[in-house]
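A structural walkthrough
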Amino acid sequence: LPSMQTSGSKPCPCPSFKLREVASMYFTMIAVFLVILVVALQGLVPRRSDFPYKVPLDPQGLLELSWNVSYPEQAVHFQLLIRDLQFGLLFGMSDRGEFENADLAVLWSDGHNSYFGDAWSDARGQLHMDPQQDYQLLGARRAPEGLYLLFRRAFSTCDPKDYLIEDGTVHLIYGILEKPVRSLHAINISAIHRGLQRVQLLKPNITVPVLPSNMKTMEITAPDVVIPSQETTYWCYMTELPDGFSKHHIIMYEPVITAGNEALVHHMEVFQCAAEFDSFPHYNGPCDSKMKPDRLNYCRHVLAAWAMGAQAFYYPEEAGLAFGGPGSSRYLRLEIHYHNPLVLEGRHDSSGIRLYYTTNLRRYDAGIMELGLVYTPVMAIPPGEDAFILTGYCTDKCTQLALPTAGIRIFASQLHTHLAGRKVVTVLSRDGRERQVVNADGHYSPHFQEIRMLKEVVAVFPGDELITTCTYNTENRTQATMGGFGILEEMCVNYVHYYPQTQLELCKSAVDPGYLHRYFNLVNRFNDEEVCTCPQVSVPQQFYSVPWNMFNRDVLKSLYGFAPISMHCNKSSAVQFP
């Protein structure tokens, strides 16, 4: 159908879509059935409120994805705006953003007709029509800004070729077809313009709290920064609260993105500086610059964090995050991650975060607690591992000492590793049994970290344990990866946001150093190559000298699984609980 005409209207160009559903039966020969459904819908573009979540897929903003989540239907409804449609596109999901073994919705044109279908790619990247069509095309319409495609996908389809949509990060992939193709099989995915975008598709269905009428706002934004013409930049900007700024509660925050830079501003964080310093130097420049003052490293207390695709963050009605007043630093550091893969030049940016705060303090101060592993080289990952697991504990003894009798309520969480992290999960254990998942991300990416509101508040009582497990991939590394602060070192952390605030700020563990020393001695006894275990040699040096055969790997895994741990149960003053 090249066009459609409705009563009393001018002819309107509308694309023709043919939905191919192919069912294959393998006996002595393959029978292929093709069903073509022509869809040419006229009507209003859905209201913006119908699709509350939105993210640009590509750096130029030519593809814009909006979606909503229906938990009763267990389905996601997508609206894809294609601003400059050529001969079609691929959209889909894969484990970590690969185009091999991907689950795809494909729109393609042979120059005469357009086709839409559910497809999958094999390990070589070859596309195949899926016999079970689970991307359901709901409509299509041309508008002045481009073509809108509406389609639906269930969370779980029971199709082994389909991606299971679950909580946590989802790696979305896209490809743009710039030439006509005669069939689905003729698409060469290695030769098309393509990319990936990470989002949290399954947003929690949370009721927005009522905000007070006397609420004030404060924008912490970059001062007209010229975005560097390089792929990745972390920009740091120092600012400060007004003199005499009394204690307030932050009750909400949201991003402020400079128009036109939506595809470049990847994520942002606002940190409060340590109160023990009277002053901090002003700075406005790259975070990795040698000109950045060292003191800025003491600005680590997170006030707000946003990542691409995230919405406004709301605190529960009974709690707010305190800032200002005695014992609170006036100095704040804004950090913005610019992702500029097209190496655009001369783009100015004044993005940042808008804080909503009030002088009417809520019943509880919210707190932030670190769970997981201590930043120490005694926790290490051998090279060449595809899924090495490390676990950190917040033990029952620590929560028994530090938490109030009525317990605490965790309402949000930010998972954190460095570059080798692939999965992170924190579970609540009570009386020796795992009771509840606090937060889990089976497709975690260190390039997409945000504070996520939990679907339900998690109650933690004295005597409970919080166990955080991280999975790492070091297949591309030739030396052991130690725990530490460096980007090539590793972390395993869950920053949980909770109320009421307690003195407990850090509840983490590491293997007992004495048992690690026994490991090095054991390696020496059973290996021809000598591993230096002298006390004056550092733990990293000892790890670097380990020959990573299967025996040494397996013994290290057993050590981390069963050896006694060193527990860090720390107050905000860095003093440990007894």
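Going by the annotation in an unreviewed UniProt entry, the name recorded for the protein is Dopamine beta-hydroxylase, with Rhynochetos jubatus given as the source organism. As recorded by UniProt, the Catalytic activity (unreviewed entry) comment attached to the protein reads in full: "dopamine + 2 L-ascorbate + O2 = (R)-noradrenaline + 2 monodehydro-L-ascorbate radical + H2O". UniProt annotates the protein under Sequence similarities (unreviewed entry) with the comment "Belongs to the copper type II ascorbate-dependent monooxygenase family."

Brief notes about the overall build of the protein
What the protein contains, in helices and strands, is four helices and 42 strands. Sorting the 578 residues of the protein into buried and exposed places 53% on the buried side. Of the contacts formed within the protein by residues at least 6 apart in sequence, a portion of 75% connects residues at least 24 apart. Accessible surface for the protein amounts to roughly 26,500 Å². Of this, 51% is attributable to carbon and sulfur atoms.

Brief notes about the nonpolar core
Core analysis: the largest hydrophobic core is formed by 82 residues, its most contacted members being Leu65, Trp67, Leu80, Leu149, Leu172, Leu201 and Phe323. A per-element tally of this core places strand β24 (residues 299–307) first, with six residues. Once residues within four sequence positions are removed from consideration, phenylalanine 323 is found in contact with Met218, Leu241, Phe245, Ser246, Lys247, His248, Ile250, Gln272, Leu303, Ser328, Leu355 and Tyr357. If you look at the next biggest cluster of nonpolar residues, it comprises 31 residues, including Val378, Val424, Phe520 and Val523.

Points about the pairing of strand β26 (residues 319–323)
With four of five residues buried, β26 lies mostly within the body of the structure. Examined bridge by bridge, strand β21 (residues 248–256) and β26 share three bridges and lie antiparallel to one another. Each residue of the ladder has a partner; that of histidine 248, found in β26, is phenylalanine 323. When β26 meets strand β30 (residues 364–365), the two strands line up parallel, connected through two bridges. When the sheet's bridge partners are listed, glycine 320 is paired in β30 with aspartate 365.

A look at the state of the cysteines
Counting across every chain of the model gives five disulfides. Sulfur-sulfur distance for the disulfide between cysteine 236 and cysteine 287 comes to 2.1 Å. The sign of the 110° torsion about the S-S bond sets the cysteine 236-cysteine 287 disulfide as right-handed. Of this pair, cysteine 236 sits in strand β20 (residues 232–240) while cysteine 287 is found in the loop between β23 (284–286) and β24, placing the two residues 51 residues apart along the sequence. Its relative accessible area of 1% is what places cysteine 236 among the buried residues. Taking relative accessible area as the criterion, cysteine 287 reaches 13% and is therefore assigned buried. Here cysteine 398 is linked by a disulfide to cysteine 569, with a sulfur-sulfur distance of 2.0 Å. In this structure the cystine formed by cysteine 398 and cysteine 569 twists about its S-S bond by roughly 85°; its chirality is therefore right-handed.

A short note on unusual backbone geometry
That bond from tyrosine 499 to proline 500 is cis: its omega, -10°, falls within 30 degrees of zero. As for its placement among the helices and strands, proline 500 is situated in the loop between β40 (493–499) and β41 (504–511). The backbone of cysteine 158 sits at a positive phi, close to 60°, despite the residue not being glycine. If you trace the backbone, cysteine 158 turns up in the loop between β15 (146–154) and β16 (170–176). A positive phi angle is found at aspartate 431, which is not glycine, with a value near 55°. Structurally, the position occupied by aspartate 431 is in the loop between β35 (421–430) and β36 (433–441). A residue is classified by how much of its surface remains accessible, and aspartate 431, at 68% relative accessible area, is exposed.

Some thoughts on the sheet that holds strand β22 (residues 265–273)
As summarised here, the arrangement of the five strands in space is β23-β20-β27-β22-β24, forming an open sheet in which the pairing is antiparallel. Each end of this open sheet is capped by a strand with a single partner; those strands are β23 and β24. In this sheet, neighbouring strand axes are inclined to one another by 20° on average, regardless of whether the strands run parallel or antiparallel. Two strands pair when backbone bridges link them, and β22 and β24 are joined in this way by seven bridges, in the antiparallel orientation. Bridge assignment links histidine 267 to a residue of β24, and that residue is alanine 307.

Comments concerning the packing of helix α2 (residues 513–526) against helix α4 (residues 550–562)
One can describe the packing of α2 onto α4 by two numbers: an axis separation of 11 Å at closest approach and a directional angle of 160°. As far as their axial angle goes, α4 and α2 are roughly antiparallel. The crossing of α2 and α4 is right-handed. Together, Tyr515, Leu516, Tyr519, Leu522, Val523 and Phe526 of α2 and Phe551, Asn552, Val555, Leu556 and Leu559 of α4 make up the contact between the two elements.

Some points on the sheet that holds strand β8 (residues 63–70)
The strand order across the open sheet built from five strands is β7-β8-β9-β15-β14, with neighbouring strands paired in antiparallel fashion. Strand pairing shows two members of the sheet lacking a second neighbour, β7 (53–56) and β14 (136–143), which therefore form its edges. Adjacent strand axes in the sheet meet at a mean angle of 20° when their direction is disregarded. By the bridge criterion, eight bridges tie strand β9 (residues 75–82) to β15 in an arrangement that is antiparallel. Following the sheet pairing, glutamine 79 is matched in β15 by leucine 150.

Details of α2
Taking 1.5 Å as the rise per residue, α2 with 14 residues should run 20 Å; its terminal C-alpha atoms sit 20 Å apart, in good agreement. Three or more residues of α2 are buried, namely Leu516, Tyr519, Phe520 and Val523. The buried residues of α2 occupy an angular sector of 95° when projected down its axis, which confines them to one face. Turned more than 90 degrees off the buried face of α2, the exposed positions are Arg518 and Arg525. The residue sitting at the N-terminus of α2 and contributing the capping side-chain oxygen is aspartate 512; that oxygen lies 2.8 Å from the backbone nitrogen of glycine 514.

Here we look at the packing of aromatic side chains
According to the stated counting rule, one finds 23 aromatic pairs in the structure shown. Judged by centre distance (5.5 Å) and plane angle (75°), the rings of phenylalanine 277 and phenylalanine 280 are edge-to-face. Phenylalanine 277 gets classed as partly exposed once you look at its relative accessible area, which sits at 22%. In this structure an aromatic cluster arises from ring pairing among Tyr253, Phe313, Tyr315, Tyr364, Phe411 and Tyr499.

Quick look at the environment of serine 121
As for its position among the elements, serine 121 is in strand β12 (residues 114–121). Between the alpha carbons of serine 121 and serine 94 there is a distance of 9.9 Å; along the sequence they are 27 residues apart. Setting aside residues no more than four positions away along its own chain, serine 121 makes contact with Phe99, Glu100, Asn101, Ala102, Leu104, Gln126 and Leu127. A polar contact of 2.9 Å, which involves the side chain of serine 121, links it to the backbone nitrogen of alanine 102.

The rules behind the values
One numbering rule holds for all chains: residues counted from 1, following each sequence as written. In keeping with the model being predicted, local features are shown solely for residues with a pLDDT of at least 70 and side-chain atom pairs are shown and tallied solely at 80 or more, while totals for entire chains, interfaces and linings include all residues. Water and hydrogen atoms play no part in the side-chain values, which are based on all heavy atoms of the structure. UniProt positions are given in the numbering used here, feature names are shortened, and annotations may be inferred rather than shown by experiment. The secondary structure listing takes helices from DSSP runs of H or I that are at least 4 residues long and strands from runs of E that are at least 2 residues long, numbered from the N terminus. The buried label applies to any residue whose accessible area, calculated with a 1.4 Å probe on protein chains only, is under 20% of its type's maximum; exposed applies above 50%, and partly exposed to all values in between. Residue contacts are defined here by distance: any two heavy atoms, one from each residue, within 4.5 Å place the two residues in contact. Areas reported as accessible are Shrake-Rupley estimates using a 1.4 Å probe. Residue values count occlusion only from the protein chains shown. The set of buried Ala, Val, Leu, Ile, Met, Phe, Trp, Tyr and Cys residues whose side-chain atoms join them within 4.5 Å is what this entry labels a nonpolar core. When DSSP locates at least two bridges between a pair of strands, those strands are taken to pair. Only a pair of cysteine sulfur atoms within 2.5 Å qualifies as a disulfide here. Helix axes are fitted to C-alpha atoms over the stretch in contact, other axes to C-alpha atoms as well, and angles between N-to-C directions run from 0 to 180 degrees. Any angle that is under 35 degrees is reported as roughly parallel, and any over 145 degrees as roughly antiparallel; angles of 65 to 115 degrees are reported as roughly perpendicular and all others as oblique. Should the near helix be turned anticlockwise from the far one by less than a right angle, the crossing is termed left-handed; should it be turned clockwise, right-handed. What a helix should span is 1.5 Å times the count of its residues minus one. To be clear, the arc concerns the directions from the helix axis to the C-beta atoms. Within 3.5 Å is the distance limit for a polar contact, defined as a pair of N or O atoms, with the added protein rule that one can donate a hydrogen and the other accept it, and that residues adjacent in sequence qualify only through two side-chain atoms. Geometry of aromatic contacts follows a simple scheme: Phe, Tyr and Trp rings, the Trp one being its six-membered ring, pair when their centres are within 6.5 Å, and the pair is stacked under 30 degrees between planes, edge-to-face over 60, tilted otherwise.

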